[in-house]
Amino acid sequence: MISVEEALEHILRHFKPLEPEEVEILEALDRVLAEDVYSDVDIPPFANSAMDGYAVRAADTAGAGRENPVTLRVVADVAAGHVTEARVEPGTTIRIMTGAPLPEGADAVIRVEDTGDWARSHRERGREPATQVEIYHAAEPGEHVRPAGEDIRQGELVLPKGTLIRAQEIGVLASLGRSTVSVIRRPRVAILATGDELLTIDEPVRPGKIRNSNEYSNAALVQRYGGIPIRLGIARDSVEDLTAKINEGLAQRVDLFLTSAGVSVGDYDVVKDVLNAEGEMHFWQVRMKPGKPLAFGLIRGVPLIGLPGNPVSSMVSFEQFVRPAMLVMEGKTRLAKPTVEAILEEDVTNSGRRHFVRVIVERREGQYYARTTGGQGSGVLTSMVKANGLAIIPEGVELVKAGERVAVQMLDWPENVEI
Ligand code: AMP
Ligand code: MG
């Protein structure tokens, strides 16, 4: 039986980044840029005021202070979005708002708090612009001025190909006037549940039957990791039904095919038979717990991962193998789950395989602690609901004692843990 690393390495050899597509910039969130983005403008495009106050010639304010103010004549008023024809000549000033273009002649801005204007009431200021103003501060040239091109220079490479797009990159694209951008397309992932025991979500429970939850947890994980789930519903454990559903999925130009269940040792061999007949399977098991049954192969050229049927095993295997494969297709390079070192708060015994133990991680006094969610049955999906991490007990280790340190893969980080 191969190790988790061997399985992952083998699987990842069959994936590469997908092609780019042009999308609206808000559709680019959490995706990878597929073009170099240059600026054809300076940003800001003109020198402007960083403060509400007075545009001055710095030289005119030399030596000014609260005790010995300089008085300047106010010749105009300029708000953001407007330009003034007036110039700041020696001995004069222009009242200016944040973001308004710096008038000609001026080389600095005095904050309104550093002028006699500040003492006047808002009502007074609004109604009747002062004709002169006392300056209480000696400005340096350039003070409170945002020069043209301070943020971005015309011709500059602003966002290189390969950048992961976050909110700030979307803001920059908007400021460059880019309404669309080229990003790696999302992977299309087929999801097929298999099993005679499965009911659809809205069927009433019947003897011997359970609801198909894996289709939904898998689809949610596909969405969470940036893919498009193509849900194929349930295939019954029959050659005809399985073959038909597989063909239906392949017809939808999928980049990855996920099946659920039917690949463990004790299973009636129908899923395995059909996968062997329709595709070329490479392995069926991985040395881990939960999640020992895990199939991988190619089905008419499309990579297929056969996830175990047990709901917890399915999710744990998804995190270990499907997530990294999806990230590679999305052009992402950081494939590892965020992992912290935590002190175990109870003894954990192990079977000898790599064991992923569902835990609750908490931070206390600068240190992470992990306790198990209780029952570790691979059918107990609520143990995943309680968990925010998977503690990794290495192969060959039979017992980890309370107080010892373990690596914990964080399931949701940092949303659910105090950093
Ligand atoms: P199998 O891998 O087919 O042996 O299934 C292992 C366990 O997972 C069995 O108890 C199945 O009933 C259960 N199971 C299989 N498919 C699903 C599914 N889609 N949703 C929830 N449980 C499932
Ligand atoms: Mg089964």
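Because the structure is predicted, anything quoted here is derived from the model rather than measured. (Residues numbered from 1 in each chain as written. Chains lettered and ligands numbered in written order. Predicted model: local features only at pLDDT ≥ 70, side-chain atom pairs only at ≥ 80, totals over all residues. Heavy atoms only, no water.)

1. Re the domain arrangement of the chain
Put simply, the test is: The split into domains, and so the bounds of each, comes from an automatic or database assignment of domains.
By the assigned domains, the chain splits into domain 1 (4-17 + 187-329), domain 2 (29-43 + 151-184), domain 3 (48-146) and domain 4 (339-410). Between domain 2 and domain 4, the C-alpha centre-to-centre distance is 41 Å.

2. Observations concerning the sheet that holds strand β4 (residues 53-56)
What counts is decided by this rule: Two strands qualify as a pair provided that DSSP identifies no fewer than 2 bridges between them. Helix numbering and strand numbering both begin at the N terminus, where a helix is a DSSP run of H or I of at least 4 residues and a strand a DSSP run of E of at least 2. For helices, the fitted axis covers only the stretch in contact; all axes are lines through C-alpha atoms, and the angles between them, taken along N-to-C directions, range from 0 to 180 degrees.
The sheet built from five strands is open, its strands ordered β7-β4-β6-β5-β8 with mixed pairing. The sheet terminates laterally at β7 (108-111) and β8 (132-135), the two strands that pair on one side only. Here the average twist between neighbouring strands, direction ignored, is 40°. Pairing analysis gives three bridges linking β4 to strand β6 (residues 92-96), with the strands arranged antiparallel.

3. Looking at the packing of aromatic side chains
Two numbers describe a pair of aromatic rings. These are the distance of the centres and the angle of the planes. Formally: Planes of paired rings set the category: under 30 degrees apart is stacked, over 60 is edge-to-face and the rest tilted, where pairs are Phe, Tyr or Trp rings (Trp by its six-membered ring) whose centres lie within 6.5 Å. Accessibility here uses a 1.4 Å probe with only protein chains present; expressed as a share of the type maximum, an area under 20% marks a residue as buried, one over 50% as exposed, and anything in between as partly exposed.
For the structure shown, the criterion picks out three aromatic pairs. Relative to tryptophan 413, the ring of tyrosine 368 lies with its centre 6.1 Å away and its plane at 65°, an arrangement referred to as edge-to-face. Separated by 45 residues along the polypeptide, tyrosine 368 in strand β24 (residues 367-372) and tryptophan 413 in the segment after β27 (405-410) bring together distant segments of the chain. On the accessibility criterion, tryptophan 413 (24% relative accessible area) is partly exposed.

4. Overview of the environment of threonine 98
Basically, it comes down to this: Throughout, a contact is declared for two residues whenever any of their heavy atoms are within 4.5 Å.
If you trace the backbone, threonine 98 turns up in the loop between β6 and β7. Taking the C-alpha atoms as reference points, threonine 98 and alanine 55, separated by 43 residues in sequence, lie 11 Å from one another. If we ignore the near neighbours within four places in the chain, the residues touching threonine 98 are Ser49, Ala50, Met51, Asp52, Ala80 and Arg146.

5. Things to note about the sheet that holds strand β19 (residues 293-299)
Pairing is mixed across the open sheet formed by six strands, whose spatial order is β15-β12-β16-β20-β19-β17. Strands at the two margins of the open sheet, each flanked by one partner only, are β15 (228-235) and β17 (280-285). Strand-to-strand twist across the sheet, computed as the mean angle between neighbouring axes with direction ignored, equals 15°. As paired strands, β17 and β19 are joined by four bridges and run antiparallel to one another. Residue phenylalanine 283 lies in a different strand from β19, and its bridge partner there is phenylalanine 296.

6. Brief notes about helix α1 (residues 4-12)
Each turn of an α-helix holds 3.6 residues, which means side chains three or four residues apart point in the same direction. When we look at burial in α1, the residues that qualify are Val4, Ala7, His10, Ile11 and Leu12. Buried residues belonging to α1 abut β17, β18 (288-289), β19, β20 (302-307), α7 (311-329) and β23 (354-364).

7. Regarding the environment of histidine 144
Tracing the backbone through its elements, the reader meets histidine 144 in the loop between β8 and β9 (145-146). Note: C-alpha distance between histidine 144 and alanine 55 (89 residues apart in sequence) is 9.4 Å.

8. Regarding the packing of α1 against α7
Quick note on the threshold: If an angle is under 35 degrees, it is roughly parallel; if it is over 145, roughly antiparallel; if it lies from 65 to 115, roughly perpendicular; otherwise it is oblique. Each crossing gets its hand from how the near helix is turned against the far one by less than a right angle, where anticlockwise is left-handed and clockwise is right-handed.
Orientation of α1 relative to α7, taken along the N-to-C sense of each, is 30°, at an axis distance of 10 Å. By the criterion of interaxial angle, the relationship of α1 to α7 is roughly parallel. Helix-helix and strand crossings are classified by hand; for α1 and α7 the assignment is right-handed. Where α1 abuts α7, its residues Val4, Ala7, Leu8, Ile11 and Leu12 lie against Gln320, Phe321, Pro324, Ala325 and Val328.

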